[in-house]
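# What the coordinates show
The primary structure of each chain is shown beneath.
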Amino acid sequence: MPWTAAPLYRQPLSLAARCIAGKINRPDSTETEFSLAVKIKVWHKQFLRFCVVGVASTSAYLIASTILLVGFDKSLIVANLGGFFAAAIISYLGNALWSFETTGEARSFLKFLVLCAVVFVTSVVISNWVTRTGLPQYYGILLTAGIIPFISFGLQKLWVFQK
């Protein structure tokens, strides 16, 4: 059937418009497809916000650790710990309140701390594997940077900030 430029009122309603207008009132494959499309859109929005928060928390880490190392002449370990805590606070609050639009609660904060431990152990495992296989050291950084955000997002979405 060739395409024709029919007036808009003769065009079939989009799936979203049919749902809003109440044209879909029983579960069927079309409604399921709409539900899946909405879920994908929500996950996409949350992931983009998660990335923005990640950039902000990384920036906080860099600034705090540099200030401690250079400005206050602290050791590298103290500077890294200070930067880590600054980044963790930004990450928790940003993701709780903005990315996943939940309230910051003690229970989710404890889950977030467990997530931090899981992420740390995962990065150590990746680093160890890269070292044992004889790959260039920077591969460990690239693999960690490529894998950790997805693990972190998934665990935050499905466990830490689950509604």
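Each remark here, short or long, concerns the structure printed above.
The model shown is predicted, which means the values in this text are computed figures rather than measured ones.

This part takes up the nonpolar core. Counting 13 residues, the largest nonpolar core has Tyr92, Phe112, Leu115, Val160 and Phe161 as its most contacted members. Residue assignment for this core shows that the elements contributing at least two residues are α3 (76-99), α4 (106-133) and α5 (137-160). Ranked by residue count, the leading element in this core is α4, at four residues. Not counting residues up to four positions away in its chain, the partners in contact with leucine 115 are Ser152, Leu155, Gln156, Trp159 and Val160.

Taken as a whole, the largest pocket encloses approximately 1,200 Å³ of empty space. If you go around the largest pocket, you meet 33 residues; those closest to its centre are Thr58, Phe84, Val119, Thr144 and Ile148. For the lining of the largest pocket, the secondary structure elements donating two or more residues are α2 (29-71), α3, α4 and α5. Considering every element that reaches the lining of the largest pocket, the biggest residue donor is α5, with 10 residues. Among the residues forming the lining of the largest pocket, the class breakdown is 20 nonpolar, 13 polar and no charged.

Let's shift gears to the side chain of serine 91. Tracing the backbone shows serine 91 in helix α3. Among residues more than four places away in sequence, those in contact with serine 91 are Val53, Ser57 and Phe112.

A few words on the packing of α3 against α4. Interhelical geometry of α3 versus α4 gives an angle of 130 degrees and a closest axis separation of 11 Å. Relative to α4, the element α3 is oriented oblique. Judged by the sense of rotation from one axis to the other, the crossing of α3 with α4 is right-handed. Every residue of α4 that contacts α3 at Phe84, Ala88, Ser91 and Tyr92 is listed here: Ser108, Phe109, Phe112 and Cys116. Partitioned by chemical class, the residues of the contact of α3 with α4 number six nonpolar, two polar and no charged.

Analysis parameters
Residues numbered from 1 in each chain as written. Predicted model: local features only at pLDDT ≥ 70, side-chain atom pairs only at ≥ 80, totals over all residues. Heavy atoms only, no water. Core = buried A, V, L, I, M, F, W, Y, C linked by side-chain atoms within 4.5 Å. Buried < 20%, exposed > 50% of the residue type's maximum accessible area, 1.4 Å probe, protein only. Helix = DSSP H or I, 4+ residues; strand = E, 2+ residues; numbered from the N terminus. Contact = heavy atoms within 4.5 Å. 1 Å grid on protein atoms, 1.4 Å probe; cavity = no way out; pocket = protein on both sides within 12 Å on 5 of 7 lines; lining within 4 Å. Points joined across faces, edges and corners; volume = space filled by probe spheres on them. Nonpolar A, V, L, I, M, F, W, Y, C, P; charged D, E, K, R; others polar. Axes fitted to C-alpha atoms, helices over the stretch in contact; angles between N-to-C directions. Parallel < 35°, antiparallel > 145°, perpendicular 65-115°, else oblique. Left-handed = near helix turned anticlockwise from the far one by under 90°.

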